[in-house]
Amino acid sequence: MKARIFEIKRFAVHDGDGIRTTVFFKGCHLKCVWCHNPEGIPSTPQLAYYKNKCIGCGECVTVCPQNAHRIENGMHVFEREKCIGCGKCTDVCLGDALIFYGREMTVSELLPLLLEDKEFYENSGGGVTLSGGECLMHADFCAELLKELKANGVHTAVDTCGFVSKAAIDKVMPYTDIFLYDLKSFDEDIHIKCTGQSNKIILENLKYIDDCGKKTEIRIPYVPGFNSGEIEKIAKFTKDLEHLTLVRVLPYHNYAGSKYESLEMENNLPKQLPTDEEIRIAEMHFADR
Ligand code: SF4
Ligand code: SF4
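The numbering scheme is per chain: residues are counted from 1 as the chain's sequence reads. A letter from A marks each chain and a number from 1 marks each ligand, given out in the order of writing. The predicted origin of the model limits local features to residues at a pLDDT of at least 70 and limits the giving and counting of side-chain atom pairs to 80 or more, whereas totals for whole chains, interfaces and linings rest on all residues. With hydrogens and water stripped out, all remaining heavy atoms of the structure feed into the side-chain values.

## A closer look at the site of ligand 1
Part 1 of the reasoning: As a matter of local geometry, ligand 1 sits amid 14 residues, with Cys-64, Cys-83, Cys-86, Gly-87 and Cys-89 nearest to it.
Part 2 of the reasoning: Both site types are read off a 1 Å grid over the protein atoms alone. A 1.4 Å probe that fits but cannot get out defines a cavity, while an open set with protein on both sides within 12 Å along at least five of seven lines defines a pocket; lining residues have an atom within 4 Å of a point. Any molecule with more than half of its atoms within 2 Å of a cavity's or pocket's grid points is regarded as sitting in that cavity or pocket. With respect to the detected pockets, ligand 1 is housed in the largest cavity.
Part 3 of the reasoning: Residues are grouped as follows: Ala, Val, Leu, Ile, Met, Phe, Trp, Tyr, Cys and Pro are nonpolar; Asp, Glu, Lys and Arg are charged; every other residue, Gly included, is polar. Residues that form the shell around ligand 1 fall into these classes: 9 nonpolar, 4 polar and 1 charged. Whether a residue is near a molecule or strand depends on its heavy atoms: if one lies within 4 Å, it is near.

## Notes on the domain arrangement of the protein
Part 1 of the reasoning: Taken domain by domain, the protein consists of domain 1 (2–44 + 105–284) and domain 2 (46–101).
Part 2 of the reasoning: Each of domain 1 and domain 2 has a C-alpha centre, and the two are 31 Å apart.
Part 3 of the reasoning: Working rule for contacts: check all heavy atoms of both residues, and any pair within 4.5 Å makes them a contact. At the interface, 12 residues of domain 1 touch 7 residues of domain 2.
Part 4 of the reasoning: Here the quantity called buried area is the accessible surface, traced with a 1.4 Å probe, that two parts lose on coming together, added over both. Summing both partners gives a buried area of about 840 Å² for domain 1 against domain 2, and 52% of it is carried by carbon and sulfur.
Part 5 of the reasoning: The term salt bridge refers to a pairing of a side-chain nitrogen on Lys or Arg with a carboxyl oxygen on Asp or Glu at a separation within 4 Å. Counting across the interface, domain 1 meets domain 2 through 1 salt bridge.
Part 6 of the reasoning: Measuring nitrogen to oxygen at the nearest pair gives 3.0 Å for the salt bridge that ties Glu-264 to Arg-80.
Part 7 of the reasoning: Pairs of N or O atoms within 3.5 Å make up the polar contacts considered here, provided that, within protein, one atom can donate a hydrogen while the other can accept it, and that residues adjacent in sequence are counted only when both atoms are side-chain atoms. At the junction of domain 1 and domain 2, the tally comes to 4 residue pairs in polar contact (both at pLDDT 80 or more).
Part 8 of the reasoning: Helical segments are the DSSP runs of H or I of at least four residues, strand segments are the runs of E of at least two, and each set is numbered from the N terminus. No other element matches helix 10 (residues 257–263), which puts 4 residues into the side of domain 1 that touches domain 2.
Part 9 of the reasoning: Along the lines of polarity and charge, the residues of the side of domain 1 that touches domain 2 split into 5 nonpolar, 3 polar and 4 charged. Domain start and stop points were drawn from an automatic or database domain assignment.

Below, the structure written as C-alpha coordinates:
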(Lines give C-alpha, C1' and ligand atoms only; values in the text may rest on other atoms or scores of the structure.)
(Ligands and ions follow the chains in the order given, each with its own letter.)
Protein backbone atom coordinates (compact mmCIF):
# COMPACT_ATOMS: atom_id res chain seq x y z
CA MET A 1 0.00 0.00 0.00
CA LYS A 2 1.27 3.48 -0.91
CA ALA A 3 0.22 7.07 -0.23
CA ARG A 4 1.32 10.37 -1.68
CA ILE A 5 3.22 12.47 0.86
CA PHE A 6 4.05 16.12 0.16
CA GLU A 7 6.16 16.91 3.22
CA ILE A 8 7.69 15.31 6.27
CA LYS A 9 8.38 18.03 8.83
CA ARG A 10 10.75 17.11 11.66
CA PHE A 11 10.92 19.02 14.95
CA ALA A 12 7.42 20.43 14.51
CA VAL A 13 6.15 22.22 17.62
CA HIS A 14 2.71 23.41 16.48
CA ASP A 15 1.13 20.07 15.54
CA GLY A 16 0.31 18.69 18.97
CA ASP A 17 2.23 18.36 22.23
CA GLY A 18 6.03 18.32 22.42
CA ILE A 19 8.45 17.84 19.57
CA ARG A 20 6.84 15.95 16.70
CA THR A 21 7.34 14.78 13.16
CA THR A 22 4.40 15.73 10.96
CA VAL A 23 3.56 13.79 7.82
CA PHE A 24 1.55 15.73 5.23
CA PHE A 25 -0.63 13.64 2.90
CA LYS A 26 -1.84 14.85 -0.47
CA GLY A 27 -5.52 15.33 -1.27
CA CYS A 28 -8.38 17.16 0.42
CA HIS A 29 -12.12 17.43 -0.32
CA LEU A 30 -12.34 20.97 1.05
CA LYS A 31 -11.09 24.04 -0.74
CA CYS A 32 -10.70 26.65 1.97
CA VAL A 33 -10.24 30.14 0.54
CA TRP A 34 -7.45 30.81 3.05
CA CYS A 35 -5.58 27.50 2.51
CA HIS A 36 -1.85 27.94 3.19
CA ASN A 37 -1.02 24.43 1.93
CA PRO A 38 -2.44 24.53 -1.63
CA GLU A 39 -0.09 21.67 -2.57
CA GLY A 40 -2.18 19.52 -0.20
CA ILE A 41 -5.45 19.99 -2.12
CA PRO A 42 -4.98 17.93 -5.32
CA SER A 43 -4.28 14.25 -4.76
CA THR A 44 -2.05 14.16 -7.83
CA PRO A 45 1.69 14.97 -7.71
CA GLN A 46 2.68 18.57 -8.45
CA LEU A 47 5.82 20.40 -9.38
CA ALA A 48 6.38 23.85 -7.90
CA TYR A 49 8.62 26.15 -9.94
CA TYR A 50 10.06 29.25 -8.26
CA LYS A 51 11.15 31.42 -11.21
CA ASN A 52 13.08 33.83 -8.99
CA LYS A 53 15.40 31.02 -7.83
CA CYS A 54 16.21 29.60 -11.26
CA ILE A 55 19.87 30.14 -12.24
CA GLY A 56 19.40 28.79 -15.77
CA CYS A 57 21.81 25.87 -15.28
CA GLY A 58 19.81 23.59 -17.60
CA GLU A 59 20.21 20.46 -15.47
CA CYS A 60 16.43 19.90 -15.54
CA VAL A 61 16.50 19.84 -19.34
CA THR A 62 18.88 16.87 -19.34
CA VAL A 63 16.73 14.58 -17.15
CA CYS A 64 13.12 15.36 -18.04
CA PRO A 65 11.59 12.47 -20.01
CA GLN A 66 8.81 14.75 -21.26
CA ASN A 67 10.93 17.68 -22.51
CA ALA A 68 8.93 19.91 -20.20
CA HIS A 69 12.00 22.09 -19.57
CA ARG A 70 14.08 23.94 -22.15
CA ILE A 71 16.54 26.78 -22.27
CA GLU A 72 15.57 29.47 -24.78
CA ASN A 73 17.71 32.55 -25.34
CA GLY A 74 19.57 31.73 -22.14
CA MET A 75 16.31 31.60 -20.17
CA HIS A 76 14.66 28.57 -18.61
CA VAL A 77 11.16 27.77 -19.91
CA PHE A 78 8.87 25.27 -18.14
CA GLU A 79 5.79 23.80 -19.85
CA ARG A 80 3.70 22.48 -16.99
CA GLU A 81 1.19 20.72 -19.23
CA LYS A 82 3.89 18.28 -20.37
CA CYS A 83 4.91 17.28 -16.82
CA ILE A 84 3.93 13.76 -15.68
CA GLY A 85 5.15 14.26 -12.12
CA CYS A 86 8.13 11.89 -12.07
CA GLY A 87 10.14 14.24 -9.82
CA LYS A 88 13.46 13.67 -11.63
CA CYS A 89 14.18 17.35 -12.32
CA THR A 90 13.88 18.32 -8.64
CA ASP A 91 16.74 15.96 -7.78
CA VAL A 92 19.18 17.78 -10.06
CA CYS A 93 18.06 21.43 -9.84
CA LEU A 94 21.06 23.50 -8.76
CA GLY A 95 19.03 26.56 -7.85
CA ASP A 96 16.48 24.83 -5.57
CA ALA A 97 13.89 26.31 -7.92
CA LEU A 98 11.92 23.07 -8.30
CA ILE A 99 10.04 21.29 -5.52
CA PHE A 100 8.17 18.06 -6.04
CA TYR A 101 5.04 17.51 -3.95
CA GLY A 102 3.57 14.03 -3.73
CA ARG A 103 6.14 11.24 -3.65
CA GLU A 104 4.53 7.84 -3.18
CA MET A 105 5.72 6.08 -0.05
CA THR A 106 4.95 2.80 1.68
CA VAL A 107 4.49 2.37 5.44
CA SER A 108 7.76 0.48 5.63
CA GLU A 109 9.58 3.38 3.93
CA LEU A 110 8.03 5.97 6.23
CA LEU A 111 8.27 4.18 9.56
CA PRO A 112 12.08 4.17 9.98
CA LEU A 113 12.19 7.89 9.10
CA LEU A 114 9.61 8.65 11.76
CA LEU A 115 11.32 6.54 14.41
CA GLU A 116 14.63 8.39 13.93
CA ASP A 117 13.49 11.11 16.33
CA LYS A 118 11.91 8.83 18.92
CA GLU A 119 14.27 10.07 21.61
CA PHE A 120 13.13 13.67 21.02
CA TYR A 121 9.49 12.60 21.21
CA GLU A 122 10.08 10.80 24.50
CA ASN A 123 12.03 13.65 26.08
CA SER A 124 9.49 16.31 25.07
CA GLY A 125 6.17 14.49 25.37
CA GLY A 126 5.85 14.61 21.59
CA GLY A 127 5.29 12.08 18.85
CA VAL A 128 4.07 11.80 15.27
CA THR A 129 1.19 13.76 13.70
CA LEU A 130 -0.52 12.76 10.45
CA SER A 131 -1.80 15.81 8.59
CA GLY A 132 -2.41 17.12 5.07
CA GLY A 133 -4.30 17.86 2.91
CA GLU A 134 -6.66 15.42 4.57
CA CYS A 135 -4.73 12.42 5.82
CA LEU A 136 -7.91 10.39 6.37
CA MET A 137 -8.45 10.24 2.61
CA HIS A 138 -5.76 7.55 3.06
CA ALA A 139 -7.43 5.92 6.08
CA ASP A 140 -6.16 2.36 5.45
CA PHE A 141 -2.59 3.59 5.04
CA CYS A 142 -2.87 5.83 8.12
CA ALA A 143 -4.28 2.98 10.22
CA GLU A 144 -1.39 0.72 9.26
CA LEU A 145 1.18 3.44 9.95
CA LEU A 146 -0.39 4.47 13.26
CA LYS A 147 -0.57 0.84 14.38
CA GLU A 148 3.18 0.45 13.76
CA LEU A 149 3.92 3.70 15.59
CA LYS A 150 1.89 2.57 18.61
CA ALA A 151 3.68 -0.79 18.55
CA ASN A 152 6.90 1.23 18.84
CA GLY A 153 5.59 3.27 21.77
CA VAL A 154 5.12 6.54 19.87
CA HIS A 155 2.39 9.07 20.77
CA THR A 156 0.12 9.64 17.75
CA ALA A 157 -2.07 12.53 16.59
CA VAL A 158 -4.35 12.78 13.56
CA ASP A 159 -4.93 16.28 12.21
CA THR A 160 -8.21 16.21 10.28
CA CYS A 161 -10.75 18.59 8.78
CA GLY A 162 -13.41 15.99 9.68
CA PHE A 163 -14.90 15.89 6.17
CA VAL A 164 -14.49 12.11 5.97
CA SER A 165 -16.63 9.02 6.51
CA LYS A 166 -17.17 7.52 9.96
CA ALA A 167 -15.59 4.36 8.56
CA ALA A 168 -12.36 6.28 7.97
CA ILE A 169 -12.38 7.56 11.54
CA ASP A 170 -13.11 4.07 12.88
CA LYS A 171 -10.09 2.69 11.06
CA VAL A 172 -7.59 5.01 12.77
CA MET A 173 -9.37 5.48 16.13
CA PRO A 174 -7.74 2.50 17.95
CA TYR A 175 -4.22 3.76 17.19
CA THR A 176 -4.77 7.52 17.64
CA ASP A 177 -4.06 9.23 20.96
CA ILE A 178 -5.60 12.56 20.00
CA PHE A 179 -7.47 14.11 17.08
CA LEU A 180 -6.45 17.65 16.14
CA TYR A 181 -9.77 18.75 14.67
CA ASP A 182 -10.19 21.76 12.37
CA LEU A 183 -13.46 23.61 12.83
CA LYS A 184 -14.06 26.48 10.45
CA SER A 185 -17.67 27.44 10.95
CA PHE A 186 -20.85 26.39 12.75
CA ASP A 187 -23.15 27.95 10.17
CA GLU A 188 -23.52 25.66 7.16
CA ASP A 189 -23.88 28.42 4.54
CA ILE A 190 -20.75 30.19 5.78
CA HIS A 191 -18.91 26.87 5.75
CA ILE A 192 -19.94 26.25 2.14
CA LYS A 193 -18.85 29.79 1.20
CA CYS A 194 -15.44 29.31 2.86
CA THR A 195 -14.67 25.70 1.90
CA GLY A 196 -17.03 24.64 -0.88
CA GLN A 197 -18.63 21.92 1.29
CA SER A 198 -21.28 21.50 3.97
CA ASN A 199 -20.11 21.12 7.57
CA LYS A 200 -22.84 18.68 8.65
CA ILE A 201 -20.64 15.59 8.55
CA ILE A 202 -17.81 17.53 10.22
CA LEU A 203 -19.93 18.48 13.24
CA GLU A 204 -21.36 14.94 13.43
CA ASN A 205 -17.92 13.34 13.31
CA LEU A 206 -16.58 15.60 16.06
CA LYS A 207 -19.46 14.60 18.31
CA TYR A 208 -18.91 10.94 17.37
CA ILE A 209 -15.21 11.05 18.28
CA ASP A 210 -16.07 12.66 21.61
CA ASP A 211 -18.79 10.06 22.29
CA CYS A 212 -16.18 7.36 21.65
CA GLY A 213 -14.13 8.85 24.49
CA LYS A 214 -11.25 10.07 22.32
CA LYS A 215 -9.34 13.24 23.13
CA THR A 216 -9.65 16.14 20.71
CA GLU A 217 -7.94 19.51 20.30
CA ILE A 218 -9.95 21.94 18.18
CA ARG A 219 -8.27 24.38 15.84
CA ILE A 220 -10.16 27.36 14.44
CA PRO A 221 -8.54 29.44 11.72
CA TYR A 222 -9.66 33.02 12.34
CA VAL A 223 -10.22 34.79 9.03
CA PRO A 224 -11.77 38.28 9.17
CA GLY A 225 -14.74 38.70 6.87
CA PHE A 226 -15.13 34.93 6.42
CA ASN A 227 -15.58 32.96 9.65
CA SER A 228 -14.80 35.64 12.24
CA GLY A 229 -18.50 35.84 13.22
CA GLU A 230 -18.60 32.11 14.01
CA ILE A 231 -16.52 31.98 17.18
CA GLU A 232 -19.36 32.35 19.68
CA LYS A 233 -21.44 29.68 17.91
CA ILE A 234 -18.50 27.28 17.83
CA ALA A 235 -17.90 27.92 21.54
CA LYS A 236 -21.54 26.98 22.31
CA PHE A 237 -21.34 23.83 20.18
CA THR A 238 -18.09 22.63 21.75
CA LYS A 239 -18.94 23.36 25.37
CA ASP A 240 -20.55 19.93 25.90
CA LEU A 241 -17.67 17.94 24.43
CA GLU A 242 -16.31 15.89 27.33
CA HIS A 243 -12.93 14.93 25.92
CA LEU A 244 -11.94 18.26 24.40
CA THR A 245 -8.54 19.18 25.82
CA LEU A 246 -7.86 22.54 24.17
CA VAL A 247 -9.20 25.04 21.62
CA ARG A 248 -6.69 27.02 19.59
CA VAL A 249 -7.67 30.11 17.60
CA LEU A 250 -5.21 30.35 14.72
CA PRO A 251 -4.75 33.84 13.26
CA TYR A 252 -4.97 33.80 9.46
CA HIS A 253 -1.80 34.75 7.60
CA ASN A 254 -1.27 35.23 3.88
CA TYR A 255 2.31 33.94 3.48
CA ALA A 256 1.28 31.30 0.92
CA GLY A 257 0.94 33.65 -2.08
CA SER A 258 4.25 32.62 -3.68
CA LYS A 259 3.33 28.93 -3.29
CA TYR A 260 0.15 29.42 -5.33
CA GLU A 261 2.21 31.21 -7.99
CA SER A 262 4.86 28.44 -8.09
CA LEU A 263 2.11 25.84 -8.63
CA GLU A 264 0.13 28.01 -11.04
CA MET A 265 -2.95 27.60 -8.84
CA GLU A 266 -5.63 30.26 -8.56
CA ASN A 267 -4.89 32.44 -5.54
CA ASN A 268 -8.00 33.72 -3.74
CA LEU A 269 -6.28 34.34 -0.40
CA PRO A 270 -8.16 36.94 1.67
CA LYS A 271 -6.37 40.26 2.06
CA GLN A 272 -7.47 41.22 5.55
CA LEU A 273 -5.43 39.94 8.47
CA PRO A 274 -6.80 39.67 12.03
CA THR A 275 -5.60 42.06 14.71
CA ASP A 276 -4.13 40.85 18.02
CA GLU A 277 -7.18 42.29 19.76
CA GLU A 278 -9.57 40.24 17.58
CA ILE A 279 -7.67 37.06 18.41
CA ARG A 280 -7.60 37.92 22.13
CA ILE A 281 -11.38 38.42 22.16
CA ALA A 282 -11.94 35.18 20.21
CA GLU A 283 -9.74 33.23 22.62
CA MET A 284 -11.74 34.52 25.58
CA HIS A 285 -14.67 32.35 24.44
CA PHE A 286 -12.56 29.29 25.22
CA ALA A 287 -10.85 30.53 28.37
CA ASP A 288 -12.12 27.54 30.39
CA ARG A 289 -10.54 25.03 28.00
S1 SF4 B 1 8.69 16.16 -12.67
FE2 SF4 B 1 9.47 14.75 -14.29
S3 SF4 B 1 8.12 15.09 -16.04
FE4 SF4 B 1 7.78 16.79 -14.62
S5 SF4 B 1 9.12 18.41 -15.37
FE6 SF4 B 1 10.27 17.26 -13.79
S7 SF4 B 1 11.42 15.67 -14.89
FE8 SF4 B 1 9.85 16.46 -16.28
S1 SF4 C 1 17.65 22.87 -12.95
FE2 SF4 C 1 16.62 24.40 -11.67
S3 SF4 C 1 17.99 26.19 -11.69
FE4 SF4 C 1 18.61 24.84 -13.39
S5 SF4 C 1 17.44 25.61 -15.18
FE6 SF4 C 1 16.22 23.97 -14.28
S7 SF4 C 1 14.84 25.06 -12.86
FE8 SF4 C 1 16.48 26.48 -13.34
